[in-house]
Structures are given as C-alpha cells and as structure tokens.
Protein chains: 2
Amino acid sequence: MSAGPGRFAQAARSRLRPLGPYQARIVDGFLAERQRTNRQHTIPHGFDQLQRSGTLDNLRLAAGADGRYRAAADTSGATFPFLDSDVYKWLEAVGWELGRAPDPALTAAADEAIGLVAAAQRADGYLNSYVQVVTGGTPHTDLAWGHELYCVGHLIQAAVAWHRGLGDDRLLEIAVRAADRLDKEFGPTGREGVDGHPGIEMALVELTRVTGDGRYLALAARMLDLRGKGLLGEGRFGAAYWQDHQPVREAATVAGHAVRQLYLDCGAVEVAVELGDEDLLAAVERRWRDLAQTRTYLTGGMGSRHRDESFGDPYELPPDRAYAETCASIAGVMLAWRLLLATGHAGYADAIERALYNGVLPGVSLSGTRFFYVNPLQRRTDRAYAPPGHGERAPWYPCACCPPNLMRTLSALDQYLATSDGTGVQLHQYATADLDAQVPGGEARLAIRTGYPWHGRVTVEVVEAPGRPWTLSLRVPGWCRSAVLIGPGGARPRAAGAGYAELSRPWRAGDTAVLDLELPVRVTEPDPRVDAVRGCVAVERGPLVYCLESADLPPGTELEELRWDPRREPAAVPRPDLGEVVVGVAVPVVRRPPGGPGPADAGPDGLSAGAIPYFAWANRGAEAMRVWIPR
Amino acid sequence: MSAGPGRFAQAARSRLRPLGPYQARIVDGFLAERQRTNRQHTIPHGFDQLQRSGTLDNLRLAAGADGRYRAAADTSGATFPFLDSDVYKWLEAVGWELGRAPDPALTAAADEAIGLVAAAQRADGYLNSYVQVVTGGTPHTDLAWGHELYCVGHLIQAAVAWHRGLGDDRLLEIAVRAADRLDKEFGPTGREGVDGHPGIEMALVELTRVTGDGRYLALAARMLDLRGKGLLGEGRFGAAYWQDHQPVREAATVAGHAVRQLYLDCGAVEVAVELGDEDLLAAVERRWRDLAQTRTYLTGGMGSRHRDESFGDPYELPPDRAYAETCASIAGVMLAWRLLLATGHAGYADAIERALYNGVLPGVSLSGTRFFYVNPLQRRTDRAYAPPGHGERAPWYPCACCPPNLMRTLSALDQYLATSDGTGVQLHQYATADLDAQVPGGEARLAIRTGYPWHGRVTVEVVEAPGRPWTLSLRVPGWCRSAVLIGPGGARPRAAGAGYAELSRPWRAGDTAVLDLELPVRVTEPDPRVDAVRGCVAVERGPLVYCLESADLPPGTELEELRWDPRREPAAVPRPDLGEVVVGVAVPVVRRPPGGPGPADAGPDGLSAGAIPYFAWANRGAEAMRVWIPR
C-alpha cells in the first residue's frame, strides 16, 4: 500500500502517482535540517503552546470538564471558533514524524491529545468544542463563519496521516464517525450546505481513498457543486470572500480569501481526478494560470490584502503590504502538488519549489519556535511599531493557523520529492534522499546526493533496480538557463532545457546520473504591470529569492538610501556568519541621499550590500528589509 | 457673539480668530454647488438612511420602545456600538443648515431626531442606546471599544451647532447633562479613563466655550494627560492603534488608527490654545510635519492601511490600496484648521485646500447620495469584484461614519474661508462669498467673486468698511508658481509669493483688490522614497489633483497599457460633458503592449487621454482609474 499527500484510489485522470510515505526519505542537507528542527523544536513547542493557549483545554471542556472556554477573544469581541483545527494539524505532523521514527515524548503528547479528541466527540459523532461548549451545542447554525466542517477536514487529514504513517486508526475511527454524521446531514438527500472555509472537500476524498467508502467523495463533489449558489450570503466581505460568488467550475479567476480559494481548488482537483471530471480540472488549471501570472509574489506568496486576507486585483502586489500569509503559501504548495499529479506539468513542480523555499520557510524562524503569519517583501524601518508577527516572528498567535500548518508541511516534505508512473520515476524536488519506487519490472532504490539549494549538482545513484528498462526523469527548473545531464558510464553530457530531462535504460545497481544546474546570481526585473515595484530589481540564485536586511549594511547606512548600481555585477559570496554552507550575494549599490533625487554617491570603490536568502530574514532582531531594490 | 468650527473663549495662544457662523456665506460657484447638493439631497438622504438602517429606532428602544436593536451586525458577529454618533453628526449638519435658511421638512426631521435623543437620555444624564439596550445599561465597562465618550463628543458638537447656528439649546441641555455625568465619573477626583476613540476632548473644550463652565476643558486636559499610560491595553492591533502607546505630548510621530490620531490631536490643539500650553501645541505641530512629509497622499488622504485603518510606515503610500478614509480627510481638515488658527501659518490653509478638494469631496458622488468610505488613487480594472464602497460609492454603510461626517463638513464649509485678527481679515479659501468681519475700527463687509477652482482670479470688493486702516491678507497657495496682486485704484500689480499677500490701507466701500493665481497644468513627480509610485507622474491644476478614468479612453484602449509621453505637454481642455465650467486635462500618452517592455506605440500623431479632477471620479459607473501615470 503506498500513499502520500495526494494519493488516489482510482485516479482515472491522474498523470503521476505519489510515492508512499517514507518511500522517499530526506537524509541530509538543507531540507533535512529544516525537518530536524521541525521535529526536535517546532512540534514540541507546538504542544506547549496548545496547552498554554487553552486549545487543548477547550477539548477537555467539551468532554465535560469545568472551566472557561478560551477562544482567543480579545477585548474587541472577536472570537475564533476554529481552534480545534490547530490540534488536528499538530497531530497530523506528529503522525508523519512518529511513522518516520519513534519518540516517546511525542507519543505521550499525541496520546494525550488523541484521548481528548476522543473524549470530546459526542455519541452522535459530532465534534466541535466551540459549539459544544460556547454556543449551545446545536451543530451547523452558522455555516458561513462557524468553521465546523473545516475543522472536521483537518481531523480527517490527521486521521489519514496516522493511518498511513503508523497504521494507527484511533483518529480514523473518530473521523469516520464525524464524517458519517456530516453525510447524514449534508449528503445526497440532506440539507444543502457548504462551509464558509473550504478544506473539508479534499479531506473527504482522502477519506474515501483510505476507507474505500465512496459516500465521502460524493459528499465532497456535492459540496463543490453547491458552491457559488449564494448559500453563504454576502457576509462582511462579499460572497467572493468564500468563493460563493460563482460556481467552482465557472469562476475564471481566483477571488476572495486566498487560503479559502486554494483549499477549495485542492478539493476540486481531488474530486476531478477521482471522477475523471475534465471540466472541473480545467477550471482549476485556468484559475491557477491567472493566479501564477498576475497575483503571485516573487516569493510564491499569494494574497496581498490584509483586510480580508484576499487576493488583490491583477498585478496588485505591494511588497511592503504583502499579506502573503504563510498558510496561503502552504496551500499554494498543496494545490500545485495536486495539479502536478493530475497533469505531470513541470511548471507545477517549479511553483512548489518557489513557494516552499521563499513562501513557506520564511514562516518559521531558524530556531523553529517563532512564526510569521504575514510575509512582507519589504520592511522600511526597524523602528516601526508593529503588531505581533508583523515585525518579528511570534511564538504563537490568537489565530494560530500558520504554526501547526508549517509543522505538518515540513513533516510531510519528503512526500513532495518524487512520483512514479508507468514509465519510471520522476524527481521533482532536490534533496539528499533515499528513495524506493515502483518501476516497470519491480522496485528501484535510488540514493540522491546534492548540496542543493546552495549548489546545483544532483547525483542519483541506482542502488537496486529490476532488469527492465525504465525512465528516470529529473526536473530542470524553469529558472535554470543552463543544465547538463550526464548519464551512467561514458555517456556524453547533454544540455537539458526546462521541464523533465529523461534517461531511459535498463538501470543497474551502481549506475549514476548527474544533473548539473548552473546557479549564477540572477537579476530579476518585475513585470512592468506590477506598479508597486516599478523601477526595481530583485536578486535570485537557484530556487532562492534574496533580500537586503539592515543588519548587513555598512555602519551609518540606511536601507532606504540604497539604489542598485547597474554598472557593477552582483556576486555570490560565502556567508559563514549565517551557516557554513550558506551562500549570500554581494549587491552593488549606490547611496542616494534621502532628501530627493540628488547625486548618487558610489564612494571611491563602490558600495556593496550583502543580500541573504529571504527565508533567513528576521532572525537577527527587527530589521529593515527589502527584496526589490530600486535602480 | 461670534463662533465657528474652532471658536475660542480665551484662546491665549490663538493667532487667528474664526468668524462667527454665517459671517462668511458662500453664495455661488463650485463650493456653493456642493453645499446646495448637500442640503437638498445628501442631508434628506441621510435622514432616510438613519430610518432604514434602524439607527433612529435604536434610540427609540433606549427610550423604552420594544424591538430588536440593530447594530449593523453581520453574520461574523461584528457589531457597531457607536451608531448614535451618526444621528448626532447628521443633526450637526442640520443645525448649520437651518441656521443658514429655514426648511420645514428638515426642521420636522430634526425635531423628531432631537425628541428621540431627549427621550433616550436617562435621568442620570447617561445616553448611549447600545449600552442601554444591548449590554445591560452599565456605563463604561469597555472604554477601549465601547465608543461611549466618542458618541457624547458628537452629541456635544451637534449641540454647539444648534446653539450657535440657531440659538436652539434643546441639544445643549442634553449634552450638558451627559457631560456632567462624565465629569462626575472621570473628573479630577474620579476614575482614570480615556476612550478608545478620541473625539470627546475637542468637544469638551467647545462645551466650555459655549457654557463658560471650565470643568469640561479641565476634563479634556485630564483625558489628554491620561493617554499613553496603558489604560486601554493592547487590544487587537496594539496600543498605538488608539494612541495609548506614548503620552500625547511625547509621541514624535502619528501612529495607529488615522481618524483616532487626528481627532486626538484636534483635542490637543484646543486644550493647548485654551491653556496656553506651548509644549502640547509643539508636539502636535511636530507630528503634523512628519505626517505631511512622509504619510500624506497627494490627495491629502491619510491612513494607508485597510486592516486597522492606520497610518503606514513613512512613505508607505500605495495608490491602489490607499485606505484614505473619507473621515480621515475630514479629520485632517479639522486638525489643519485648528493649527491654522493657533499659528497663522499658511501651510495649514494649503493643507485644508488639498484635503478638501481631493480628499473630502471624492467621498460623495456628484449626485450627493452615494459615498466612498475608502478613497484609492488607483483602481486597476472596472471588472474587479469589490465590496460596497471599494468599487462604486454606496448609499450607506453598516459602519456609517463617513456620510454624516461629510454632511456636517459641507454644511460648515463657509466657516473655513476666512479669519480675523487685530490687524484685519485673512482669506484662506477662495469661493464666491459675502463676508462680514471685525476689523480695526468696526465691521467690514466684503464681496468675493471668483471662478475658483477652475480659474485663478479672485476679486475682493469692499462693500462697507470703517475708516481706519486694516490689512487684507490673501493666501497665495503653495502650489502657485506665479501670483499677481492688484490693489485698489491705480495700484501697481505686484508679484506675490506663497503665503499671505497683504494689502494695508484705509479701505473704502468700492475698493477692489484682485489676486491673479496662474493655473498651469502641473506635472508632479513623487518623492523618490514613495516606492509604490516610483517612475510615475501625476497631473495637477490649481488645487485639483487629476486622474485618468477608463470612461475617457479611446475605444479599445486599456488604462493599464498607457504610459506618460514625456515628449509632449499636457494641456487644459474644457470638459462640457462633465459640466459647463469643468476644466479637464489632455494627457499625452503612449500605449505599451501589456506583454512586457516591448516597443511603445505612440500612433501617428500621439495618443491623448482625458484626465478629470479626481473628486469627480466614479460618477459614471465602475471604471478603472489612476492618479499616478507610469512614465
């Protein structure tokens, strides 16, 4: 049995198959370090915060204990009814981690949480601590804002992780009871209703895959069809906020709350591949193209507006007021992964890479215990008054969706590396990893070794393979202008363009393929229609977007005084101060007095400012920062 | 007895004196037309909306009627506890209007509203329908978000208008009872408390001026001193949101919610001039300078952030996501007026002009019955999905602060035209108006005639004057590069620089002075530190900021394709389609294909796009628009 973040039961329309969990194992290097920090620091910190914040206690109250419900209410009266979902996301992360390797402390924490979830569930299968404790216990009186189905969606995803990763079905039994109750109320002959926050749809499809019970898939399909019929009303931000302004298969562009739209489209792809619904898949692909071309930040961030956490108009991509919620980058990875599986197009793997390195990773500190909710591409001053998470990362949030979303994403990272199909194995993301995959004739074992993302060489050694020929496909990223692929033995190196470079042969143990990606520093011009960064350039290298941070400027220099010096070239430089393998970029700049256009002051030899990878910003205190540098 | 929007009882530190109400009377021309529309359409529409929205009924409930309170709750659970203030702002507008000329229908409507206010007030003087009906009747349990003192502030301002404009003291008696109750609770020996939304402070000073009772001024001074001590807590957006992060006399820059900051500083100026507190005045002036230089839109709009309606960081002035709340522009006018009176500096009158024409007036449709809450300087597309008030103006809002704020501002517009002091009369804003003012030796009567803002000639005829010499001061706006002043008789014309051009003489009936302001089209470059409009220019003429609107483009042309053509000059052109006196600007543009930098297509004779005054935008349906045009 193999499974992964987007495993398919029938998958009539699916082009690629995910590997099963732990069939790909990141064993060393950059991503391994991020996973290690996640396991050792972030996830334990998450349990601590779920306790401190009262989120676990809320489940205790639902199970009958006495006490005050803590819904992160501030004095403005805002309450968050969806906090149960943070427990489920954390459990999902723990499920993947414990499946990878045991950890008694994590097991004990998870057992406690699972016990609380089990105790909180009502006999009729209903489970939502906020409704059970605070609003009187009647389910689904406020589908628009209640997030009850959204929470069940995360419960299901946690259950799927424990089932697939550990073969532990305690959560699955709870999830099935909750889903059965939903099916009774909202199923084919039931009430017409959709949740104000999508997410349940993709989870229901997974539940069908895990249980073989088609009712859940049918319910997901029904909820997709019911969207865009005005069931949710206009709310505070208009019907587009929750994608209820147009039917899912008709809306030409993304709209409204970014995470809601992306989760909804994840569900649409899952339903489309299961039902062979080409129109539905085409609608999601159409929206993705528009999104990628007109409303995605260089970092892969999506959703520029703070007020309603929504996509802006096309080309409305302010760097300073980028919202670019960490959860939206995660959701972008989730959707691109599902589209990659469905279509096999390399562009989706490119999008995963960009969003992962530059949209997801900045959401957590290098220490693993502080988080950004909002990910701007510019911060003018280190002295500005900013609410938590807008200046420095915070250890937790009243609305804590992002931290546990990061945890489950990093725990499942290896599942994004590779896929297989009838012809062989496809490598989409590069990390030092060991890999088992089905290929024609049997199972192949590969050892991938690389210094990515700092270095561009990827070596794939075949450790074991059946005798029949099969194809090894290696993604050449869209940003790469020069790539060379060297096959086993004395094979002549050949240039490879963007997309998948393929080597087909009867692979034998010991065969080695090498992909060499050139990683020059790239100077990136923005689309001229993006008003907010007109006249600026950005620096990239490999998959990484770079930024200037005030900590790296010469003394007495203000970030806002600096302008790009087009007469000199940027250069990659080692940054041992940030890590032994970290590559920085020396950016040629001139200093322009803040008073006005005035004369540029390049100094005798020209100034240089040290850019660092954007994911590493804000780890040295509150600093001014910018990705886009004025020319 | 003379009075005005900022009349002073002692005003030890006040440099200029406001005229009394109706001592300046706008009789014709551009502003007269706006006032007429306000009186004939906007204010009656406001009464209708106060009825439909339930806002008046809420007072009925507080007076004992049965029914459901309507706090503009949407399904997200947000409620607005401050809706009484909309009744008070509307009553303030009606007070000024009825003082100008009777209107039986308006009188009947106002009598009904005043009757409801009177009936709703409790015997102890407390008056707040939300608290009385919804939250159990205990006053001031939530100073941070309750807006109870804020509402009393608007009640006082309405009472002052009815007292000064009509000599009708029904509201004043109610206001005094409410203020006395506040003084008992929060006065010198009472509880330390400040309101999360400032506004009460400036009103209390006015109440002292009207009643002669110094307790209210003392209470205002006390509340100013208590601010910045953490009484309000951090709330959802941090203490700076309600200016509780630093003491009022210490904060170096504006911060937080724009309207809150500006109303607070209005109160600070009022207290400063009454108590001769130069430090306090200096603190407000310091903040104003920073605000004007680093965080004010070309339109005079302030507050760029949607999420918390706050000022951004310095130079964070996105045109597309400008919040620039209509109420913030009004508050900017109110604060600049108080600073003008306190100091006599022409720059404040310049700021009033810019904000009035380009920040306040766009808030209401030319029809007078639809309103913008948010005033962006760019709208990329006419096809975007936008919540009410973000695309087209709306007839009313669940949070309806802006419409009645516009009403009271337009009703009191003549009070901003002129001041007097020991030397004579100062004209700050230009409109065809009749004016009575105290001058050395007695009262002077002036007839001002002008085609402003379309034409730059202002003629001032002395209709009546005492025999003694006095000085007539005429403001030469800061934007004016060439102004000529011609005194009475055969006086030689003389060039006048920015500031006040003065003519001192023993004026006689029939004497005429003429100020000729040149009004060429100006091409304005942004400060290079404003990232969001880098590489753009704007068009201005006289006090008006212009914009391109898609309705004026040649067929088949998209606004976002156009670039400024620096090889040709813009030119003023008549726009009879918008009004017989309206002056538009023909803007030289080239068309750049949206695909990328590509070749510019100027066409055989060059393209031209018709810019209109920004205040007139969005009166022809939902259109794309931009103030800043890429070069």
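Right, let's walk through the structure included here. Please read these numbers as outputs of a predicted model, since none were measured by experiment. (Residues numbered from 1 in each chain as written. Chains lettered and ligands numbered in written order. Predicted model: local features only at pLDDT ≥ 70, side-chain atom pairs only at ≥ 80, totals over all residues. Heavy atoms only, no water.)

**Details of the nonpolar core**
Step number 1: Ranked by size, the top nonpolar core spans 207 residues in total, and within it Trp90(B) and Leu91(B) carry the most contacts.
Step number 2: Looking at this core element by element, the count peaks at 13 residues for helix H13 (residues 326-343) of chain B.
Step number 3: Setting aside residues up to four positions removed in sequence, Trp90(B) forms contacts with Ile43(B), Gly46(B), Phe47(B), Leu50(B), Leu106(B), Ala109(B), Ala110(B), Ala113(B), Pro404(B) and Met407(B).
Step number 4: In this structure, Leu59(A), Ala109(A), Leu116(A) and Leu548(A) belong to the second largest nonpolar core, which totals 206 residues. (Core = buried A, V, L, I, M, F, W, Y, C linked by side-chain atoms within 4.5 Å. Buried < 20%, exposed > 50% of the residue type's maximum accessible area, 1.4 Å probe, protein only. Helix = DSSP H or I, 4+ residues; strand = E, 2+ residues; numbered from the N terminus. Contact = heavy atoms within 4.5 Å.)

**Side note on the environment of Arg575(B)**
All names here are of chain B.
Step number 1: With respect to the helices and strands, Arg575 occurs in the loop between strand S18 (571-574) and strand S19 (583-591).
Step number 2: Overall, Arg575 belongs to the buried group, its relative accessible area being 8%.
Step number 3: With residues near it in sequence (within four places) discarded, Arg575 still touches Asp552, Val582, Val583, Gly584, Gly610, Ala611, Ile612 and Arg620.
Step number 4: There is a polar contact of 2.9 Å between the side chain of Arg575 and the side chain of Asp577. (Polar contact = N/O pair within 3.5 Å; in protein donor to acceptor, adjacent residues only side chain to side chain.)

**Quick notes on the packing of helix H8 (residues 170-186) of chain B against helix H9 (residues 200-211) of chain B**
Residues and elements named next belong to chain B.
Step number 1: The N-to-C vectors of H8 and H9 enclose an angle of 120°; their axes lie 12 Å apart at closest approach. As far as their axial angle goes, H9 and H8 are oblique. Crossing of H8 over H9 shows left-handed handedness. Mapping the contact onto sequence places Leu172, Ala175, Val176, Ala179 and Leu182 in H8 and Ile200, Leu204, Leu207, Val210 and Thr211 in H9.
Step number 2: Grouping the constituent residues of the contact of H8 with H9 by class yields 9 nonpolar, 1 polar and no charged. (Axes fitted to C-alpha atoms, helices over the stretch in contact; angles between N-to-C directions. Parallel < 35°, antiparallel > 145°, perpendicular 65-115°, else oblique. Left-handed = near helix turned anticlockwise from the far one by under 90°. Nonpolar A, V, L, I, M, F, W, Y, C, P; charged D, E, K, R; others polar.)

**Concerning the pairing of strand S4 (residues 418-421) of chain B**
All names here are of chain B.
Step number 1: Burial along S4 is two-sided: Ala418 and Ser420 and Thr419 and Asp421, pointing in opposite directions, are all buried.
Step number 2: Relative to S4, strand S1 (residues 17-18) is paired through 2 bridges, and the arrangement is antiparallel. Residue pairing for S4: Pro18 is matched across the bridge by Thr419.
Step number 3: Across 4 bridges, S4 lies against strand S5 (residues 424-427) in antiparallel orientation. (Pairing = 2+ DSSP bridges.)

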